[in-house]
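Coordinates in review
Residue strings, one per chain:
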Amino acid sequence: MGFLNSTIAILRKDILLELRGKETLSLMVFLSLLLLVVFNFAFDIDRENVSALAPGILWVIFAFAGILGMGRTSMAEKDDEAYLGIIFSPASIESFYLSKVLSNLLFLVVMEGVTLVFFAVLFDFEEILMAVPDLLLPLLAGTAGFSIVGTLFSFLSTASRFGEVLLPFIYLPVVVPILLGGVSSMDIVLNGEEGQGYGKWLQLLIVFDLLYLSVSLMLFRYLIEE
Amino acid sequence: MNYIQLRGVRKEYHGNLALAGIDLTVRAGEVMAVFGPNGAGKTTLMKTMAGITSPTEGKIVYFGDSSRDDVRKEIFFLGHKNSLYNGLTVLENISFFYRLFSGDRNGDALRRVMKEQGLWERRNDPVRELSQGTKRRLAITRGLLTDCKVYILDEPFTGLDVKWRGSMISRIKGLKGDGKAVVIATHLVEEGFDLADVIAFLHRGRLLFVREKRETTVEEINRLFDMYGERVP
């Protein structure tokens, strides 16, 4: 079976597993809504400051809800050592890793979409939905970065007894450039002059995505060996 | 042909010795039964042989080619756990793995083997609702659908009743007939002895012996279990 076909087969299995269990997405969406409510109480958000606060609030929510979801998808592989069935198959380890990145990316994008809608409703800020076409590229590039790093680290964390506790500590410092690029590009779209620095931040996101992907593809093989 | 050769394989976990200088050869068309009391290092040996665990010292040569390291697609490994997705149904699990090997989801072979193993009637049951024995049967059936050269099975009969144990034994004999190599770690001396061409006995990470079946007896293996410890996991 070729690289593409095995990647699609594993991705399809992950989607099926999520459709059956509904564990990952529901947890991510629940946490994101909970954080929205917390931020609503923590800051005095109104029509005046909502566009300035939105990028920071949203990307922090994406990062934390994302960690939770990616931890769950890795646990599904470690549970009953199911991943060994894939490792001992014609599917390459790289296609296994990429399929997990894609499934995490898909779940993250769904969670982000729901969060954006709730954000718009909760803070009466429908402009953010209007800006989605402009936000799409940096949002996808940033989310891909989260998924690339998160997939690697969530597998790493499942090898440790304190993995779930450790995951945010090892994951968040590494995704700082992604957070920076995501927040800045969203800020430019919502508040800045048209085109002002937007391309620079998008480039930064893409460069870090490629860098993280190259390193993760090399390291993932070692994570699944004891 | 030598499928797997272990040369002076030593494995330590945080300073604790799990395997001490193991030399072992697994040949095509041969079943090797590995016996040993609890804690003897059978599972570590199986994982090391399969390439899941790297040896601390020593070398493993696969299929006579020391430069090969991408050999996992030619090995079926079944550990203590069943490597199944508990959230999926029986058919979804087996179709997924079958597809990885054959590129097909609904092959005749899949349906035939599932029917033979009594799993077809339960195809729509979620795996998490199956008994331990049925899960084990499903896990082994997954292996029967592959065309691997080597089958490494750690306690494959756990949870299986007499009927299905007998069925699995005859299927494993069939694998041997097809020129596959099979390595089984088991506490079931009679079943393991019946299947095996080569017997190995492990104690505290050391091989006490590796012999042709004709050079040992069930009584001798039972005596070793009595000397060195419990056989029931």
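Residues numbered from 1 in each chain as written. Chains lettered and ligands numbered in written order. Predicted model: local features only at pLDDT ≥ 70, side-chain atom pairs only at ≥ 80, totals over all residues. Heavy atoms only, no water.

**Notes on the sheet that holds strand β6 (residues 150–154) of chain B**
Consider a sheet: its strands pair through backbone hydrogen bonds, and that pairing is either parallel or antiparallel. All names here are of chain B. If you trace the 6 strands from one edge of the open sheet to the other, you get β5-β6-β7-β3-β8-β9, paired in mixed fashion. Edge positions in the open sheet fall to β5 (75–78) and β9 (206–212), since each of these has one partner strand only. Ignoring strand direction, the axes of neighbouring strands in this sheet form an average angle of 15°. The strands touched by helix α4 (residues 132–144) within the sheet are β5 and β6, with β5 carrying the most contacts at an inclination of about 175°. (Pairing = 2+ DSSP bridges. Helix = DSSP H or I, 4+ residues; strand = E, 2+ residues; numbered from the N terminus. Axes fitted to C-alpha atoms, helices over the stretch in contact; angles between N-to-C directions. Contact = heavy atoms within 4.5 Å.)

**Details of a nonpolar patch on the surface**
All names here are of chain A. Together, Leu211, Val215, Met218, Leu219 and Tyr222 make up an exposed nonpolar region whose accessible area comes to about 510 Å². Mapped onto the secondary structure, Leu211 falls in helix α10 (residues 198–223). On the basis of relative accessibility, which here comes to 46%, the residue Leu211 falls in the partly exposed class. (Patch = residues over 30% accessible without salt bridge, like charges linked within 9 Å, V, L, I, M, F, W, Y side chains within 5 Å. Areas by Shrake-Rupley, 256 points an atom, 1.4 Å probe, with all protein chains shown as cover. Salt bridge = Lys/Arg side-chain N within 4 Å of Asp/Glu carboxyl O. Buried < 20%, exposed > 50% of the residue type's maximum accessible area, 1.4 Å probe, protein only.)

**Section: the layout of surface pockets**
Computed from the structure, the second largest pocket encloses a volume of approximately 330 Å³. In terms of lining residues, the second largest pocket is bounded by 19 residues, among which Leu17, Glu23, Arg72 and Ala76 of chain A together with Gly87 of chain B are the most central. For the lining of the second largest pocket, the secondary structure elements donating two or more residues are α1 (3–21), α3 (50–78) and α5 (93–122) of chain A. Residues that form the lining of the second largest pocket fall into these classes: 6 nonpolar, 5 polar and 8 charged. (1 Å grid on protein atoms, 1.4 Å probe; cavity = no way out; pocket = protein on both sides within 12 Å on 5 of 7 lines; lining within 4 Å. Points joined across faces, edges and corners; volume = space filled by probe spheres on them. Nonpolar A, V, L, I, M, F, W, Y, C, P; charged D, E, K, R; others polar.)

**What about the interface of chain B and chain A?**
Facing 30 residues of chain B, the contacting portion of chain A comprises 28 residues. Area buried by chain B at its contact with chain A is led by Arg72, Tyr85 and Leu100 of chain B, which between them contribute 26% of it. Where chain B packs against chain A, one counts 1 salt bridge. Among the ionic pairs, Glu92 of chain B bridges to Arg20 of chain A, the shortest N-O distance being 2.1 Å. At the junction of chain B and chain A, the tally comes to 7 residue pairs in polar contact (both at pLDDT 80 or more). Looking at the side of chain B that touches chain A, the elements that each hand over two or more residues are α1 (42–50), β5 and α2 (90–102) of chain B. The residue inventory of the side of chain B that touches chain A, partitioned by class, reads 12 nonpolar, 9 polar and 9 charged. (Buried area = accessible area lost by both parts, 1.4 Å probe. Polar contact = N/O pair within 3.5 Å; in protein donor to acceptor, adjacent residues only side chain to side chain.)

**Quick notes on the sheet that holds strand β1 (residues 2–13) of chain B**
Residue and element names in this part refer to chain B. Pairing is antiparallel across the open sheet formed by 3 strands, whose spatial order is β2-β1-β4. This sheet does not close on itself; its edge strands, each paired only once, are β2 (16–27) and β4 (57–62). Taking the axes of each pair of neighbouring strands and ignoring which way they run, one obtains an average angle of 15° across the sheet. For β1 and β4, the ladder comprises 5 bridges, and the chain directions are antiparallel. In the sheet register, Leu6 faces β4, and the bridge partner there is Ile60. Here α1 sits on the sheet in contact with β1, β2 and β4, set at roughly 55° to β2.

**Details of the side chain of His203 of chain B**
As for its position among the elements, His203 of chain B is in strand β8 (residues 198–203). Overall, His203 of chain B belongs to the buried group, its relative accessible area being 14%.

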